[in-house]
Amino acid sequence: MKKSHTFNLPSESGRLILIGTPIGNLDDLSRRAAETLAEADVICCEDTRRTGRLLMHIGVRHRPQLLRIDDHTETSAIPKISQMLTDGLTVVLVSDAGMPILCDPGQRLVAEITAAGYPVSVVPGPSAGLTALVVSGLPATRHVFEGYLPRKGINRTKRLKEIALESRTVILFEAPHRLHACLNDLVEVCGGDRRAVIARELTKMHEELIRGTLQELAAWAKEPVKGEIVVVFEGTSDESDVPSDEKLREAILESLRLGLSRRDTATEVAKNYRVPRRRVYNLTIDTSVNHDLA
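From a predicted model like this one, the values you see are computed outputs, not experimental measurements. (Residues numbered from 1 in each chain as written. Predicted model: local features only at pLDDT ≥ 70, side-chain atom pairs only at ≥ 80, totals over all residues. Heavy atoms only, no water.)

Q: Describe the pattern of salt bridges, with residues and values.
A: Enumeration over the complete set of coordinates arrives at 12 salt bridges. Here Arg68 ties to Asp70 by a salt bridge, and the two come within 3.1 Å at their closest N and O atoms. Arg168 is the salt-bridge partner of Glu166, the closest N and O atoms lying 2.7 Å from each other. Residue class for Glu166 comes out buried when judged on its relative accessible area of 14%. (Salt bridge = Lys/Arg side-chain N within 4 Å of Asp/Glu carboxyl O. Buried < 20%, exposed > 50% of the residue type's maximum accessible area, 1.4 Å probe, protein only.)

Below, the structure written as structure tokens:
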């Protein structure tokens, strides 16, 4: 049996509290969140100016200490925060918008603090991903949050292939200047007919919801887009319906033996199995080479 850890913490040790902050409209901050922020000794945040404006909005006069936590400072700040908790201080962690840790700094901090045995609690608040999901009109009972895709390389290719096989509704974050490329990649791996929604500037003055298929949204995103973006799209109807590479190769080989060209083979098999043509065409090249050798 694995032994449990014991910690020698002061009886009056402090607490780390995670707080969800508004994703746009500052009035969405809960009363409990506002009170907790006002009573905190230290607030760990991504941008001290942005958090400072939030504190001003809720009327906090005696501003707590603001400690910047980002990808570059998080690890080095952990010992300092641990000491604050040992000294009995109340430390709050927020992101610039939404729930902290989701695609934001703080994961390492929370992991270290919980491992050390300090109490950690949460004041829940808005989440851009869930907000976009519930307003999308797409199936919400089963969903998966993918955050930001890797920008390039094998990691991006691997993640896109995994998403193509996902049967749950998928939620993505994307930067506005990369939205068009992202949607084109999704069309390539998922096909263009899946229902999708672009949620832009949620809860803000210029909130916008664009609904359509992945193909239609990719065409819409050709023009420059601004603002915070969430993409929600439906998963494949059933994971068991997605044909394996082996099954597609069998269909490709049969078409090649009937005399169809690579191009026509890729078009025909992609249509019959309802998979992206690019996937079939790449398999067709490999299969046709082996077929010619045979």
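Q: Please give an account of the packing of aromatic side chains that cites residues and values.
A: What describes a pair of aromatic rings is the distance from one ring centre to the other and the angle between the planes of the rings. In total, this model carries two aromatic pairs according to the counting rule given. Consider the rings of Phe145 and Phe173, whose centres lie 5.0 Å apart with planes at 75°: the pair is edge-to-face. With Phe145 in strand β6 (residues 143-148) and Phe173 in strand β7 (residues 169-174), this residue pair connects regions lying 28 residues apart in the sequence. With a relative accessible area of 32%, Phe145 lands in the partly exposed category. Look at Tyr148 and Phe173: their rings are 5.7 Å apart centre to centre, the planes differ by 65°, and that puts the pair in the edge-to-face class. Here Tyr148, found in strand β6, pairs with Phe173, found in strand β7; they are 25 residues apart in sequence, far enough to count as distant. (Phe/Tyr/Trp six-rings, centres within 6.5 Å; stacked < 30°, edge-to-face > 60°. Helix = DSSP H or I, 4+ residues; strand = E, 2+ residues; numbered from the N terminus.)

Q: Run through helix α4 (residues 107-115), naming residues and quoting values.
A: Each α-helix turn comprises 3.6 residues. Residues three or four places apart therefore point the same way. Of all the positions in α4, only Leu109, Val110 and Ile113 are classed as buried. Buried residues along α4 cover an arc of 95° about the axis, so they all sit on one side. Residues of α4 that are buried in the fold lie against β1 (15-19), α3 (74-86), β4 (90-93) and β5 (120-123). Just beyond α4, the residue with positive phi is Gly117, at close to 95°. (Arc of directions from axis to C-beta. Contact = heavy atoms within 4.5 Å.)

Q: If you had to explain the sheet that holds β4 to someone new, which residues and values would you point to?
A: The sheet built from five strands is open, its strands ordered β3-β2-β4-β1-β5 with parallel pairing. One side of each edge strand has no neighbouring strand; the edge strands of this open sheet are β3 (65-68) and β5. Direction aside, neighbouring strands of the sheet carry axes that sit 25° apart on average. Bridge count for β1 against β5 is four bridges, and the pairing is parallel. Bridge pairing in β5 links Leu18 to Val122. Helix-sheet contacts for α3 involve β1, β2 (42-45), β3 and β4, and the interaxial angle to β3 is about 150°. (Pairing = 2+ DSSP bridges. Axes fitted to C-alpha atoms, helices over the stretch in contact; angles between N-to-C directions.)

Q: Before we move on, can you summarise the sheet that holds strand β9 (residues 208-213) with the specific residues and values?
A: Taken in spatial order, the five strands make up an open sheet running β6-β7-β10-β8-β9, and their pairing is mixed. With partners counted over all chains shown, the strands left at the sheet margins are β6 and β9, one partner each. For this sheet, the mean angle separating the axes of adjacent strands, direction not counted, is 15°. Sitting on the sheet, helix α6 (residues 153-164) touches β6, β7 and β10 (229-233), and the angle it makes with β6 is about 160°. Against the sheet, helix α7 (residues 179-190) touches β7, β8 (195-200) and β10, its axis set at about 15° to β10.

Q: So, the environment of Val91: which residues are in play, and what are the values?
A: Note on placement: Val91 falls in strand β4. Placed 99 residues apart in sequence, Val91 and Cys190 show a C-alpha to C-alpha distance of 44 Å. Those residues in contact with Val91 that lie beyond four places of it in its chain are Arg15, Leu16, Ile17, Val42, Cys44, Ile81, Met84 and Leu85.

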